[in-house]
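# Survey of secondary and tertiary structure
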Amino acid sequence: MSETISKQINELRQQLESYNYQYYVLDQPTVPDAEYDRVMRALIELETQHPDYLTPDSPSQKVGGAALSKFEQVTHQVPMLSLDNAFDEAEFNAFNRRIKERLLHNDELDFCCEPKLDGLAVSILYRDGVLVQAATRGDGQVGENITENVKTIRNIPLRLRGDNIPAELEVRGEVFMDKAGFARLNETAAKRDEKTFANPRNAAAGSLRQLDPKITAKRPLMFYAYSMGVVQGAELADTHYAQLQQLKDWGLPMCPQTKRVTGASAAYQYYEAIMAERDALLYEIDGVVIKVDNKPFQEQLGFVARAPRWAIAFKFPAQEELTQLLDVEFQVGRTGAITPVARLEPVFVGGVTVSNATLHNRDEIDRLGVKVGDTVIIRRAGDVIPQITQVVLEKRPDDARDITFPDTCPVCDSHVERVEGEAVARCTGGLVCRAQRKEAIKHFASRKALDIDGLGDKIVEQLVERELITTPAELFTLRQGHFESLERMGPKSAKNLVGALEEAKQTTLAKFLYALGIREVGEATAQNLANHYLTLEKVMNASIESLQEVSDVGVVVAQHIHAFFSEPHNQKVVSDLLEQGLHWPEIAAKAESEQPLAGLTYVLTGTLSQLNRNDAKARLQALGAKVSGSVSKNTHALVAGEKAGSKLTKAQDLGIDILDEAALIALLDSHQG
Ligand SMILES: NC(=O)c1ccc[n+]([C@@H]2O[C@H](COP(=O)([O-])OP(=O)(O)OC[C@H]3O[C@@H](n4cnc5c(N)ncnc54)[C@H](O)[C@@H]3O)[C@@H](O)[C@H]2O)c1
Ligand SMILES: [Zn+2]
């Protein structure tokens, strides 16, 4: 029995020592604070039940981590301690009861309430008002000399101001990084492929413990004072709150949210109010610190091994927790984007139970290096959706398995496309995929596409939900009776819809191509494709290389078009549509007279006020003209709008014809059928 207890205790101690090392020395924690706190509680519980095993070198009796030897060491005349924790209201009330009993005090106590800043404790020594030394907490007894680094923090005065300045004043407080500064620092680091910090606390610690103060100076560090250490040659106030005011008068920054209250329930209200404000605060906090305000009471209460009895860190519910990644599922969005979603062992974090988290895309999976079966850190802060922030590698099981992205859509089995340079993978079955059906059919029927009069979004939704149609082609198989069965649809509207469908069958190749909803193929691109290839068959068979010859089509769009028409499901819908009788005038059959600008190259420049640039281009192309982006001796004419620049000058130099917008409109109108 006793052997197993001692073994258990040793394991917990070793675990905590390793966490301490990663956290305090490397500034790189591997588990969330909540996990650390749990292990610590388990240790304290065992040590309380079996006091024989309690030793002074147990992590439960020690503060922080050892001072790094690369810095000069500073011995603290008054030890820098940690704080005891309360994790809920009952624990906080127990704290209040304990101290009142110890003080034999029946009335409500005054408390000084402060946000618990998530940074690191620092001691700053002023002699005759001048900053002479600064040190980290280290192990509480011995810290690191970081004077030059602390001097670079902008809101720390190098010289005190005001009256009655003590001969010696040791100020204690927290150095931290605000949320915006932390985000910027990590962004820059990520861009340079440098290591990023897990949280603002580690970023602050890592920045402050730099051997080169010039690096510290570049980091957005801030300081708030929260107590005094050694003080000589000054009268001090007899409450903690009033002492903070004295520090403020001497020019030291103090947290603006600090407040004095009377009684435990007022302190609890403060805790709730700050928790509600938490997301809006500019800096990260992990709770509030409640301190007995009366200084003589503080002295009476004194200390236990590693913390004062007169204060407590009342922690907020954890925003980071450990859980296990059970599986990864792939969801298809309404535009075909395939998103990996993590299925998690349900865990209570940030105030809710979380069982799913998005993994965004393949790049994110690679960045995390995560496998199914891994223990991961999940973070949920405020309203932000839950994120997996880190993998706990030391907890990886032997049978952890790689996450493989599907080659085919999990919904419709169409091919999955991943365009180079884009993080997102997509289902190419735009016309058939159940996940994309509603959007695809709405787009197909929209005004600039097939323009099916009366077929609004609500109707499409009903048709799809009732499974009356699964593809745009099936729209044309619907009879009046089908429409009449829909909500709020009279016989007359149903009849009109059937007529509108019949009418929509007569279209143009450009509109048909646009209606298919190929990614990044807008109206203008569809028109260019039609002008270039003249027939649907040629568009469908075009290679990626050939597609790039079409004006405005780059490699990405070419890949989208090619992938779309390579997908057999889509080919089937296209042939179904043709079978339903969709048709358009053959462009190739156009008489010469209908292509009056064939062989002529136009260039558009400057701002057009009446025509939109894309329309102007499309109309020129419809008349057979080529529209190019640059002026050369082959240019037939330049259309110059307002504020035309270098292209106009070049055209003038080359003696090329120049049209203004009015002339262009006249030209287009003169060829209007
Ligand atoms: N994730 C890990 O691996 C890991 C490892 C070690 C420690 N930790 C975390 O650190 C905690 C222990 O660290 P700790 O000993 O620094 O204790 P603590 O951070 O829980 O509390 C003490 C510290 O609070 C800070 N503080 C902030 N605002 C304050 C204020 N207004 N007044 C007084 N102090 C204020 C001071 O720096 C003080 O040293 C653990 O509970 C755990 O959450 C995590
Ligand atoms: Zn699909």
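The protein has the name DNA ligase in an unreviewed UniProt entry, where Pseudoalteromonas rubra is given as its organism. The annotation that UniProt attaches to the protein under Catalytic activity (unreviewed entry) is "NAD(+) + (deoxyribonucleotide)n-3'-hydroxyl + 5'-phospho-(deoxyribonucleotide)m = (deoxyribonucleotide)n+m + AMP + beta-nicotinamide D-nucleotide."

### Describing the nonpolar core
The biggest cluster of nonpolar side chains holds 56 residues, and the ones touching the most others in it are I452, L455, L475 and F483. The element contributing the most residues to this core is helix 16 (residues 509–515), with 6 residues. Formed jointly, this core draws a minimum of three residues from each of two domains, domain 4 (433–505) and domain 5 (509–580). Discounting chain neighbours no more than four positions away, the residues touching L475 are I441, F444, I452, L455, L463, I469 and L501.

### A closer look at the packing of aromatic side chains
Aromatic ring pairs are reported here in terms of the distance separating the ring centres and the angle at which the planes meet. Scanning the model with the defined rule gives 17 aromatic pairs in all. Both rings, one in Y23 and one in Y24, keep their centres 4.8 Å apart while their planes meet at 80°; by these two values the pair is edge-to-face. Through a chain of ring-to-ring contacts, three or more aromatic side chains come together here, namely F92, F95, F111, Y268, Y271, F314 and F316. In this structure, R362 packs its charged tip against the face of F405, placed 4.6 Å from the ring centre.

### Observations regarding the site of ligand 1
Close to ligand 1 lie 26 residues; D37, S82, E114, R137 and E174 are nearest. R137 is positioned with one of its side-chain polar atoms (N or O) 2.7 Å from an oxygen atom of ligand 1. E174 has a polar side-chain atom sitting 2.5 Å from an oxygen atom of ligand 1. Coverage of ligand 1 by the protein amounts to 94% of the 830 Å² it exposes when considered alone.

### A short note on the coordination of the zinc ion (ligand 2)
Bound to the zinc ion (ligand 2) are the protein donor atoms C409 (SG), C412 (SG), C427 (SG) and C433 (SG), situated 2.2 to 2.4 Å from the metal. Here the donor residues for the zinc ion (ligand 2) map to a single chain with the spacing C-x2-C-x14-C-x5-C.

### Quick word on the UniProt feature "binding site: Zn(2+)" (unreviewed entry) in the protein
When the UniProt feature table is mapped onto this chain numbering, "binding site: Zn(2+)" (unreviewed entry) sits at C409, C412 and C433. Separation in sequence by 25 residues is not matched in space for these annotated residues, since their most distant C-alpha atoms are only 8.4 Å apart. Within the fold, C409 resides in the loop between strand 16 (387–391) and strand 17 (416–418). Since its relative accessible area comes to 3%, C409 is described here as buried. Along the chain, the position of C412 falls in the loop between strand 16 and strand 17.

### Some words on the UniProt feature "binding site: NAD(+)" (unreviewed entry) in the protein
Here, the residues flagged by UniProt with the feature "binding site: NAD(+)" (unreviewed entry) are D33, A34, E35, Y36, D37, S82, L83, E114, R137, E174, K291 and K315. Taken together, the annotated residues stretch across 283 residues and extend over separate regions, lying up to 25.6 Å apart by C-alpha. Its place among the elements puts E35 in helix 2 (residues 33–49). Using a relative accessible area of 12% as the deciding quantity, one classes E35 as buried. With sequence-adjacent residues up to four places away left out, E35 is seen in contact with Y19, L322 and K395. Here D37 is to be found in helix 2. According to the relative accessible area criterion, D37 is buried, its value standing at 11%. Residues within four places of D37 in sequence aside, it is in contact with N85, F87 and K315.

### Quick notes on the pairing of strand 11 (residues 311–315)
Of all 5 residues in strand 11, 5 are buried, a share of seventy percent or more. Of the two faces of strand 11, the one lined by A311, A313 and K315 and the one lined by I312 and F314 are each fully buried. Sheet topology places strand 2 (residues 85–86) next to strand 11; 2 bridges connect them, and they run parallel. Pairing of N85 across the sheet is with A313, part of strand 11. Here strand 10 (residues 285–292) pairs with strand 11 via 5 bridges, running antiparallel. What sits directly across from V288, in strand 11, is F314.

### Comments concerning the confidence of the model for the protein
Close inspection of predicted coordinates is inappropriate in any region flagged by low pLDDT. A residue-level look at the protein finds 99% of positions with pLDDT of 70 or above and a mean pLDDT of 93. Scored as a complex, the prediction yields pTM 0.77 and ipTM 0.97.

### With respect to the sheet that holds strand 2
Pairing in this open sheet of 5 strands is mixed, and the strands run 2-11-10-3-9 from one edge to the other. A single partner strand is all that each edge strand has here, and the edge strands are strand 2 and strand 9 (259–262). Bridge count between strand 3 (residues 110–117) and strand 9: 4 bridges; the pairing is antiparallel. Note on strand 9: the bridge partner recorded for F111 is V261. Of the strands in this sheet, strand 2, strand 3, strand 10 and strand 11 are in contact with helix 3 (residues 89–103), which crosses strand 11 at around 170°. Helix 8 (residues 240–249) contacts strand 3, strand 9 and strand 10 of the sheet and is inclined by roughly 55° relative to strand 3.

Rules used throughout
Residues numbered from 1 in each chain as written. Chains lettered and ligands numbered in written order. Predicted model: local features only at pLDDT ≥ 70, side-chain atom pairs only at ≥ 80, totals over all residues. Heavy atoms only, no water. UniProt positions renumbered as here; feature names shortened; annotations may be inferred. Core = buried A, V, L, I, M, F, W, Y, C linked by side-chain atoms within 4.5 Å. Buried < 20%, exposed > 50% of the residue type's maximum accessible area, 1.4 Å probe, protein only. Helix = DSSP H or I, 4+ residues; strand = E, 2+ residues; numbered from the N terminus. Domains from an automatic or database assignment. Contact = heavy atoms within 4.5 Å. Phe/Tyr/Trp six-rings, centres within 6.5 Å; stacked < 30°, edge-to-face > 60°. Lys NZ or Arg CZ within 6 Å of the ring centre and 35° of its normal. Near = heavy atom within 4 Å. Polar contact = N/O pair within 3.5 Å; in protein donor to acceptor, adjacent residues only side chain to side chain. Areas by Shrake-Rupley, 256 points an atom, 1.4 Å probe, with all protein chains shown as cover. Donors = N, O, S within 2.8 Å, 3.2 Å for Na, K, Ca; no water. Pairing = 2+ DSSP bridges. pLDDT = per-residue confidence, 0-100. Axes fitted to C-alpha atoms, helices over the stretch in contact; angles between N-to-C directions.

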